[in-house]
Amino acid sequence: MKWIVLTGWIASILFAHFRGRVRLPLGRQLLDHSIILAPINALMVLNSRVPTTPYIPNETMPELKLLEDNWEVIRDEALHLNHLQQIKAPELHNDIGFNSFFKYGWKRFYLKWYDARHPSAETLCPKTVALLNQIPSVKAAMFAELPPGGQLNPHRDPFAGSLRYHLGLATPNNDLCYIDVDGIRHSWRDGKGVIFDETYIHDAYNHTSENRIILFCDVERPTKWGWVTAFNHWFGRVAMSAASSPNAESDQTGLINKLTHYHWLLDQKRRAFKKANRTLYKVTKFSLIALAIYLFVTV
């Protein structure tokens, strides 16, 4: 039974690695945080009711047209929020899901996150929150800012139970401000939405002198079987809600992010070790993985 579980898990990791044209180095893929959810992700992708391509046609999710139809209302609240300097990086180390983004200038303001509440959003962005609440498939949403010169390095998101929706609000409207998903480029435009699968390798850049603000949503992936949909609901409610991060003290902080500060401290020591001796760091890392696999199959 252990060998079956281990073989299935490794097969799921390789499935994620080889399904796209753009890939992380295999060594990095085997250590990427997405491997934790690899079996769940394979289940979601193989049971997807929408195309499993890097980009998904907007007409497959017609409920999102409500957001595009009201983009100016949403934009005005985003710009007001930006004027108040509320679209920002967290003051504490309590946003594990996007922790690596902040060092490149990326900022966010949460509007909703699964079952966690954000009273700050309800107060500061009532019209946008009201629109989002009319679309049950939208499980998470935020305003996301990428300043001039900002970037997000190539990465894949860890959970295939959702798809990513971007709606341009205040963008440079320029091909030099773009996202690449599996090597296919999309440049944001004001009032235009795009849906993509964030479990493909993607990166983003703003090579212009203007700011970029978008509405960023996680939309539940439609699946073929009711039990898969039920599992996706449950996982989002339990696991994804635990990763909620606050905009303000009034907002809910999930259990995972309550522990993130300790993760950050450990990560600083890891980075220092890697910088001091990269070869020893790699030997140690792969030795620990080998030890974990050995213990799994022998205990």
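Look a little higher up for the structure.
This structure is a prediction, so every number in the text was calculated from the model and none was measured.

Cut-offs applied
Each chain has its residues counted from 1, running along the sequence as written. Two thresholds apply to this predicted model, a pLDDT of at least 70 for residue-level local features and 80 or more for giving and counting side-chain atom pairs, whereas whole-chain, interface and lining totals are computed over all residues. Hydrogen atoms and water are omitted, and side-chain values are computed over all heavy atoms in the structure. Any Phe, Tyr or Trp ring, taking Trp's six-membered ring, that has another such ring centre within 6.5 Å forms a pair; planes under 30 degrees apart are called stacked, those over 60 apart edge-to-face, and the others tilted. Using a 1.4 Å probe on the protein chains alone, a residue whose accessible area is under 20% of its type maximum counts as buried, one over 50% counts as exposed, and one in between counts as partly exposed. Helix numbers and strand numbers start at the N terminus; a helix is a DSSP run of H or I with at least 4 residues, a strand a run of E with at least 2. In what follows, residue pairs with any heavy atoms lying within 4.5 Å of each other are defined as contacts. The patches reported here contain residues having more than 30% relative accessible area and no salt bridge. Joining distances are 9 Å for like charges and 5 Å for nonpolar side chains (Val, Leu, Ile, Met, Phe, Trp, Tyr). We get accessible surface area from the Shrake-Rupley algorithm with a probe of 1.4 Å; when it comes to residues, only the shown protein chains can shield them. For this document, the term salt bridge refers to a Lys or Arg side-chain nitrogen within 4 Å of an Asp or Glu carboxyl oxygen. Whenever a nitrogen or oxygen atom comes within 3.5 Å of another N or O atom, the pair is scored as a polar contact, on the condition that within protein one atom can donate a hydrogen and the other can accept it, and that pairs from neighbouring residues in sequence are kept only if both atoms are in side chains. Strand pairing requires that DSSP identify at least two bridges connecting the strands. Note on method: axes are straight lines fitted to C-alpha atoms, helices fitted across the in-contact stretch only, with angles between N-to-C directions ranging 0 to 180 degrees.

Draft legend 1. Looking closely at the packing of aromatic side chains. Summed over all chains, the structure comprises 12 aromatic pairs. Ring geometry for Trp113 versus Tyr114: centroids 5.5 Å apart, planes at 70°, classification edge-to-face. In this structure, Trp113 and Tyr114 share a single accessibility class: buried.

Draft legend 2. Summary view of the environment of Ile214. Positionally, Ile214 belongs in strand β10 (residues 212-220). The class of Ile214 is buried, set by a relative accessible area of 0%. Taking C-alpha positions, Ile214 is 5.5 Å from Ala144, a pair spaced 70 residues apart along the chain. Those residues in contact with Ile214, other than ones at most four positions away along the chain, are Met142, Phe143, Ala144, His166, Leu167, Gly168, Leu169, Thr171 and Trp188.

Draft legend 3. Representation of a nonpolar patch on the surface within the structure. Taken together, Ile10, Leu14, Phe18, Leu26 and Leu30 make up a surface patch of nonpolar side chains, about 410 Å² in accessible area. Among the elements that make up the nonpolar patch, the one with the highest residue count is helix α1 (residues 2-18) (three residues). As for its position among the elements, Ile10 is in helix α1. On the accessibility criterion, Ile10 (38% relative accessible area) is partly exposed.

Draft legend 4. Region of the structure containing unusual backbone geometry. Its identity is not glycine, yet Tyr114 carries a phi of approximately 50°, on the positive side. By the element assignment, Tyr114 lies in the loop between β2 (107-113) and α6 (119-124). Among the residues examined, Tyr114 registers a relative accessible area of 12% and is labelled buried.

Draft legend 5. Geometry of the environment of Leu295. Positionally, Leu295 belongs in helix α11 (residues 278-298). For Leu295, a relative accessible area of 41% translates into the label partly exposed. The spacing of Leu295 and Pro54 is 241 residues in sequence and 37 Å in space, taken between C-alpha atoms.

Draft legend 6. Highlighting the side chain of Asp180. Its location among the elements puts Asp180 in strand β6 (residues 177-181). Among the polar contacts listed, one links the side chain of Asp180 to the side chain of Arg185, at a separation of 3.0 Å.

Draft legend 7. Structural detail: the sheet that holds strand β3 (residues 138-146). Pairing is antiparallel in the open sheet, where six strands are placed in the order β1-β8-β5-β10-β3-β2. A strand with exactly one partner marks an edge of an open sheet, and here the two such strands are β1 (55-56) and β2. In this structure, strand β5 (residues 162-170) lies alongside β10, joined through eight bridges in antiparallel fashion. Within β10, the position partnered with Ser162 by the bridge is Glu220. Its contacts with the sheet place helix α7 (residues 126-133) against β2, β3 and β10, and it is angled at close to 50° to β2.

The quantities given are spatial measurements derived from coordinates; they are silent on function.
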